[in-house]
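# An overview of the molecular structure
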2 protein chains.
Amino acid sequence: MSTPSTTTPMSQRDKNRARTRRDIETAALEMFETQGYHATTVDQITRLAGCSNATFFRHFRSKEDVLFANDDAAARELARFVDERVDRAHTLGALAEPFAAYATSLLVEATSDAQRLTRLVMTTPDLEARSLRMRLKWEHAVSRTLASESDSDRTSFDDVLLASLAVSCLSTALWRWQEVDISDDVGTLTKAAFESAVRLGSR
Amino acid sequence: MSTPSTTTPMSQRDKNRARTRRDIETAALEMFETQGYHATTVDQITRLAGCSNATFFRHFRSKEDVLFANDDAAARELARFVDERVDRAHTLGALAEPFAAYATSLLVEATSDAQRLTRLVMTTPDLEARSLRMRLKWEHAVSRTLASESDSDRTSFDDVLLASLAVSCLSTALWRWQEVDISDDVGTLTKAAFESAVRLGSR
């Protein structure tokens, strides 16, 4: 969802457009969550949203497009957790805490449509191929955040690698979380993934 | 490319179909490598392959489809290197050698169309989103190989995580390799990525 600028006031027309877009997203999300992504049609979404299919396609190219309407916001959110972490080192250990907090905010406290959509993409086995786009956005956002903490003006090999390793830990934890009946909460599971990663490197 | 069965002899019609498919793949690869993936049209591919567009679309749904015609074979190839490794441990250290050997076979010695297509996908910045599909295939193939070495009949959390971490090392090395003028060979670069990963975990 595009964030309205805070400096330029939106026209009534823009406001209506933004509201329609949000209505479509909310309707799509509700259908995806209740009956599954694949079983949901654009017709069902527009019926629930109270708009025409033509209106749907003015906002989204496809049903899949709705899934990724918020992926930039989700990536920025993870980068914010990394940016605000206590341990400033560029190590897997220092990223375990902010990644676990992000996973919890995403899966346990998910309240916004952005969070619910990301949760849907990352925990639906059928959407595994699509979930890769989210992983790539996360990798880019985290490596850019790490790079901004260095003196160098370009992203180093280690920043890119560390972001990729950390996102591997997060995705593995999220997949494990949805896969079976797990009593662990997702934050604990994410921290465990980072600990396993360190162990798989050192033993 | 579908591998012909070794037990059932192919009919002449099947042989012709397989040859046409190979001709299209080879033509597409040549166009992609010489003028870039995006600049290449299906028309140009079929002109070079000496077939009609209708024939092209009987074999491939799209231009993109050709890129992934061999991804299962590429994944099996990486799994074979892992399967034949000397150090049988399930650690990043044990996977550095087979992954480096695979990277070298892929980027330096690439002779088959399968290898050339994978090299193209993994080292073309414009194809980054598409390269994720290859990463996913690699992750699955490696985690299955690791799982087959355990007594357990299902893939463990650590197998999935280790495969994902190792593929992160490989992809970061491949991207670095294409990004700048690097004097290191890709095998050395891949081993360095594994060493960095261990360091990023432990320090």
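Rules of the game
- Residues numbered from 1 in each chain as written.
- Chains lettered and ligands numbered in written order.
- Predicted model: local features only at pLDDT ≥ 70, side-chain atom pairs only at ≥ 80, totals over all residues.
- Heavy atoms only, no water.
- Phe/Tyr/Trp six-rings, centres within 6.5 Å; stacked < 30°, edge-to-face > 60°.
- Buried < 20%, exposed > 50% of the residue type's maximum accessible area, 1.4 Å probe, protein only.
- Lys NZ or Arg CZ within 6 Å of the ring centre and 35° of its normal.
- Contact = heavy atoms within 4.5 Å.
- Salt bridge = Lys/Arg side-chain N within 4 Å of Asp/Glu carboxyl O.
- Helix = DSSP H or I, 4+ residues; strand = E, 2+ residues; numbered from the N terminus.

Moving on, we get to the packing of aromatic side chains. Residues and elements named next belong to chain A. Summed over the entire model, instances satisfying the criterion amount to twelve aromatic pairs over all chains. Look at F32 and Y37: their rings are 5.1 Å apart centre to centre, the planes differ by 65 degrees, and that puts the pair in the edge-to-face class. A residue is classified by how much of its surface remains accessible, and F32, at 2% relative accessible area, is buried. Owing to a relative accessible area of 5%, Y37 belongs among the buried residues under this scheme. With a centroid separation of 5.7 Å and an interplanar angle of 40 degrees, the aromatic rings of F56 and F60 are classed as tilted. Considered together, F56 and F60 belong to a single accessibility category, that of buried residues. Each residue in the set F56, F57 and F60 is aromatic and connected to the rest through ring pairs, giving one cluster. The ring of Y37 has K63 lying over it, and the distance from NZ or CZ to the ring centre is 4.3 Å. In this arrangement the basic side chain of R80 is found over the ring face of F81, its NZ or CZ atom lying 5.2 Å from the centre.

Let's shift gears to the interface of chain B and chain A. Accessible area lost upon the coming together of the parts is a frequently used measure of interface size. Counting from both sides, the interface comprises 35 residues of chain B and, opposite them, 35 residues of chain A. The tally of links from chain B across to chain A stands at four salt bridges. The partner of R135 of chain A in a salt bridge is E139 of chain B, and the shortest N-O contact between them spans 2.6 Å. A total of 13 residues in the side of chain B that touches chain A trace back to one element, the largest contributor, which is helix 9 (residues 157-179) of chain B.

What is shown is where atoms sit, not what they do.
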